[in-house]
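One letter stands for each residue in the lines below.
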Amino acid sequence: MKNEWPLWEIFIRGQHGMSHRHVGSLHAPDAEMAIKNARDVYTRRNEGVSIWVVEANHIAASSPSDKGPLYEPSESKVYRHPTFFDIPDEVGAM
Amino acid sequence: MAAPLTQDEALFQFLLRMGDNTLILGHRVSEWCGHAPVLEEDIALANTALDLIGQTQMWLGLAGDVQGEEKSADDLAFLRDVWDFRNVLLVEVPNEDFGRTLMRQFLFDAWHSIQLGHLMKSSDERIAAIAAKTSKEVAYHLERSADTVVGLGDGTAQSHDYMQAALDYLWPYVGEMFASDEVDAAMVKAGIAPDPASLRTDYDALIGRVLAEATLAIPDSGFAHKGGRNGKMHTEHLGHLLTHMQWLQRAYPGASW
Amino acid sequence: MYAQMVQSEASTDDPEKLAAFQARIDAGEKIEPKDWMPAGYRKTLIRQIGQHAHSEIVGQLPEGNWITRAPTLERKAILLAKVQDEAGHGLYLYCAAETLGVSRDELTEMLLDGRMKYSSIFNYPTLNWADMGAVGWLVDGAAIMNQVPLQRTSFGPYSRAMIRVCKEESFHARQGFDAIRKMATGTPAQKKMAQDAVNRLWFPALMMFGPSDADSVHSTQSMAWKIKMNTNDELRQKFVDQTVPQIEFLGLDLPDEGITWNEERGHYDYSDPDWSEFFDVIKGNGPCNTDRLAARNKAWKDGEWVRDGLLAHARKKAARKHAAE
């Protein structure tokens, strides 16, 4: 059996109040070490306040061919976007 | 018989001990850059070395101020000879292999974190401020080195053997961190720093816990090499380290880099 | 460049699929790992990203050579942080390559046994402290020429890795220029070191871009796929035009008597590097090829028990946790 450390996907929250964002990947023997490695690899320039790690093969992803069915329906729901609605200027900020 | 130390002389010696420890260990750890077992460890070791170099700038910078001879941290690092260095012998022994490097790091980090915890309450505000800043870095060093010692001690039979050999080799260098002398007595009296001997109980508890988890046996010997922190007898290794570290400053005196 | 003379693979895929793929690239879309891609695109990218990653890792060695001899605490910290970044860049790039279905260990083994190459530049030695300035300024400067346009490359993970790398890379070139500037304006001995470094590294830096590829089929294919963004000669000229005034600013002699401003072209003329030397280096006969590969092999072999040990512990820990549940 090959003894390569598993691959982990790293998500970092850059500032309080923001969402975690995918920043890259790395190898580590387990989740604890993945968090430590992520601190050393991906926050060398004060980039983070919180780290999530997920083993890469545990990530379920939509397949590219689903792209149409998954995302196109929302394109027609233009009313979800605030700019869809015309609000008279005299009403003020909304 | 030498005259007793003045308070400033004692303080200067104490600061050299702090700064030389981080200087020499930082140098040793930096030797790994580009040669570590895996990229993630290469990057992590460089972070540790960078922290230690930064800490050296603070400790030796303050030492220069206390000495009052207008010497910078660089002057103290690059222009003293072996007998003027005050680091413990533990930090100057060669890296040998990754196991010995991480074991040495762990044995030092454990002392360092306890020491800094006390120094945060130092009566000297400058020292308390450096301790407050550096203790966060050192807490992470300790977490990482302890985890690695456990991981390798409790890993394969081969990694266990490497770690036990590292511990056996390094153990005689542990005791020096807890030796007390007249410099320490002056620091204790002024409320600047704790008596090194008083840290031993906490230290033994900490390393005992980690080494047990690592399935490693602490050698049954109280013998301790000494001579580093008072400069009386360093190992042969320190001179070789300095020939690298100080070469440019020595070969081209007065140049600015 | 960091990826030199990458052979592109001819595609034998279904012409209709190929045309659709090319249309996506032409429209500026990014190709993501799970998208269909021609086998040749995949293979060429693995080769190119792999070579790029290897260059970062082997590139740690010539600069690492001076970490223990840095002349001040600050220079030591800057150099160490810089070489550490190279390890980080290698890591980002290996991860990008891994999305194409090759593991980092496989890539590493191909580097170690010579099946894959790394940039010719890292087979030259670093002989004096000014080399640390020259490597950052000239070598990283040359690399940036190539990496900035690669941020727009068609393969998503490669593009994202390049964006991260470029963000960090300008620190490298700047610290290098700052270090060599200090020496060029320092004592006569320091100035001599600076001149020696520029003289020695100038032509190897020009060779980084690779031989002229204006007529190369590999280059044409890679440019159509947007995994190569400019010809080698374009980038080399850009580098020369940018660097010559900087050498003059430092008050150093130009390392090539052939450098003259060509009013008509609006560019500097310069002498071609000795391409027979370049091919010797590529074949393994550079001044440091043997030592560089030996150092990487030693690190990998010496580290095996560490990698195995930590993984064995992680598995035991997981098993114990499982048993307790």
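Residues numbered from 1 in each chain as written. Chains lettered and ligands numbered in written order. Predicted model: local features only at pLDDT ≥ 70, side-chain atom pairs only at ≥ 80, totals over all residues. Heavy atoms only, no water.

S.K.: How should I be thinking about the overall build of chain B in this particular structure?
M.R.: The number of helices and strands found in chain B is ten helices and zero strands. The C-alpha atoms of chain B give a radius of gyration of 18 Å, which matches the 18 Å a tight globule of 257 residues would have. Based on the C-alpha atoms only, the size of chain B along its principal axes is roughly 55 × 40 × 35 Å. Residue burial in chain B is summarised as follows: out of 257 residues, 60% are buried. Counting contacts in chain B only where the partners sit at least 6 residues apart, residues at least 24 apart contribute 81% of the total. Distance between charge centres in chain B, computed from 19 positive and 37 negative side chains, equals 4 Å. (Helix = DSSP H or I, 4+ residues; strand = E, 2+ residues; numbered from the N terminus. Rg over C-alpha atoms; globule rule 2.2 N^0.38 Å. Buried < 20%, exposed > 50% of the residue type's maximum accessible area, 1.4 Å probe, protein only. Contact = heavy atoms within 4.5 Å. Lys, Arg positive; Asp, Glu negative; His and termini not counted. Charge placed at Lys NZ, Arg CZ, Asp CG, Glu CD.)

S.K.: Mind showing me how you'd approach the side chain of Arg28(B) here?
M.R.: In this structure, Arg28(B) sits in helix α1 (residues 7-30). A distance of 2.7 Å separates the side chain of Arg28(B) from the backbone oxygen of Glu92(B), its partner in a polar contact. (Polar contact = N/O pair within 3.5 Å; in protein donor to acceptor, adjacent residues only side chain to side chain.)

S.K.: I keep staring at the environment of Phe98(B) and nothing clicks. Help me out?
M.R.: Among the secondary structure elements, Phe98(B) is positioned in helix α4 (residues 98-119). For the pair formed by Phe98(B) and Ile24(B), sequence separation is 74 residues and the distance between their alpha carbons is 17 Å.

S.K.: Whenever I open this one, the nonpolar core confuses me. Can you help?
M.R.: Proteins that are soluble and globular tend to have nonpolar side chains buried together. By size, the foremost hydrophobic cluster in this structure holds 142 residues, and its most contacted members are Phe14(B), Met103(B), Phe106(B) and Tyr203(B). Excluding its chain neighbours within four sequence positions, the residues that come into contact with Phe106(B) are Leu142(B), Ser145(B), Ala146(B), Val149(B), Leu206(B), Ile207(B), Val210(B) and Leu211(B). Listed in part, the 45 residues of the second largest apolar core include Tyr42(A), Ile46(C), Ala87(C) and Met229(C). (Core = buried A, V, L, I, M, F, W, Y, C linked by side-chain atoms within 4.5 Å.)

S.K.: Would you explain the interface of chain C and chain A in this entry?
M.R.: Chain C puts 24 residues into the contact, and the matching count from chain A is 23 residues. Contact with chain A buries area across many residues of chain C, yet Lys34(C), Arg164(C) and Leu311(C) alone supply 24% of it, more than any other trio. Linking chain C with chain A are four salt bridges, by the criterion used here. Where Lys317(C) meets Glu32(A), a salt bridge forms, and the shortest distance between an N and an O atom there is 3.6 Å. Those elements that provide at least two residues to the side of chain C that touches chain A are α4 (73-98), α5 (104-112), α7 (156-184) and α13 (304-324) of chain C. For the side of chain C that touches chain A, the class distribution of residues is seven nonpolar, three polar and 14 charged. (Buried area = accessible area lost by both parts, 1.4 Å probe. Salt bridge = Lys/Arg side-chain N within 4 Å of Asp/Glu carboxyl O. Nonpolar A, V, L, I, M, F, W, Y, C, P; charged D, E, K, R; others polar.)

S.K.: Could you clarify how one ought to interpret the side chain of Glu98(C) in this entry?
M.R.: With respect to the secondary-structure elements, Glu98(C) resides in helix α4. Arg104(C) provides the closest opposite charge to the buried, unpaired Glu98(C), separated from it by 4.4 Å. Excluding residues within four positions of it along the chain, Glu98(C) makes contact with Glu4(A), Leu7(A), His27(A), Ser103(C) and Arg104(C).

S.K.: So what exactly am I meant to see when it comes to the confidence of the model for chain B here?
M.R.: Residues shown with low pLDDT carry predicted positions that ought not to be read at fine detail. In this model, chain B carries a mean pLDDT of 97, and residues with pLDDT of at least 70 account for 99%. Across the interface, the model reports ipTM at 0.96; the global pTM reads 0.93. (pLDDT = per-residue confidence, 0-100.)

S.K.: Please explain the packing of aromatic side chains as it appears in this structure.
M.R.: Pairs of aromatic rings are described using the distance from one ring centre to the other and the angle between the two planes. Counting across every chain of the model gives 21 aromatic pairs over all chains. Centroid distance Tyr42(A) to Tyr92(C): 5.6 Å. Interplanar angle 20°. Geometry classified as stacked. Within this pair, whereas Tyr42(A) is found in helix α1 (residues 31-42), its partner Tyr92(C) is found in helix α4, the two belonging to separate chains. Exposure class is identical for Tyr42(A) and Tyr92(C). Each is buried. An angle of 80° between the planes, with centres 6.5 Å apart, marks the rings of Tyr41(C) and Phe155(C) as edge-to-face. Highlighted residues: Tyr41(C) in helix α2 (residues 39-58) and Phe155(C) in the loop between α6 (130-150) and α7, separated in sequence by 114 residues. Per residue, the accessibility class of Tyr41(C) equals that of Phe155(C), and both read buried. (Phe/Tyr/Trp six-rings, centres within 6.5 Å; stacked < 30°, edge-to-face > 60°.)

S.K.: Would you mind going over the interface of chain B and chain C with me for this structure?
M.R.: When the parts come together, some accessible area is lost, and that loss is often what is quoted as the size of the interface. With 49 residues of chain B at the interface, the matching set in chain C holds 47 residues. Buried area between chain B and chain C, both sides added, is near 4000 Å², and the carbon and sulfur share of it is 69%. Three residues, Pro37(B), Leu39(B) and Trp257(B), lead the burial of chain B against chain C; their summed loss comes to 18% of the area buried on that side. The tally of links from chain B across to chain C stands at three salt bridges. Taken together, the links from chain B to chain C amount to 17 residue pairs in polar contact (both at pLDDT 80 or more). If you list the elements that add at least two residues to the side of chain B that touches chain C, you get α1, α2 (39-67), α3 (73-78), α4, α5 (125-153), α6 (157-170), α9 (236-245) and α10 (247-251) of chain B.

S.K.: In this structure, what is going on with the layout of surface pockets? I would like to understand it.
M.R.: Using a probe with the size of a water molecule, rolled over the atoms, empty space left in the structure can be pinpointed. As a volume, the second largest pocket reaches approximately 640 Å³. When residues of the lining of the second largest pocket are traced back to their parent elements, those giving at least two are α2 and α5 of chain B together with α4 of chain C. Here the residues of the lining of the second largest pocket sort into seven nonpolar, eight polar and nine charged. (1 Å grid on protein atoms, 1.4 Å probe; cavity = no way out; pocket = protein on both sides within 12 Å on 5 of 7 lines; lining within 4 Å. Points joined across faces, edges and corners; volume = space filled by probe spheres on them.)

S.K.: For this particular structure, what's the right way to read the pairing of strand β1 (residues 7-13) of chain A?
M.R.: Every other side chain in a regular strand lies on the same face of the sheet, so the side chains alternate between the two faces. All names here are of chain A. For β1, the buried fraction is high: five of the seven residues fall into the buried class. Both β1 and strand β2 (residues 21-27) contribute to a ladder of six bridges, which runs antiparallel. Bridged to Glu-9 within β2 is Ser-25. Pairing of β1 with strand β3 (residues 50-55), which is carried by six bridges, proceeds in the antiparallel orientation. Following the sheet pairing, Phe-11 is matched in β3 by Trp-52. (Pairing = 2+ DSSP bridges.)

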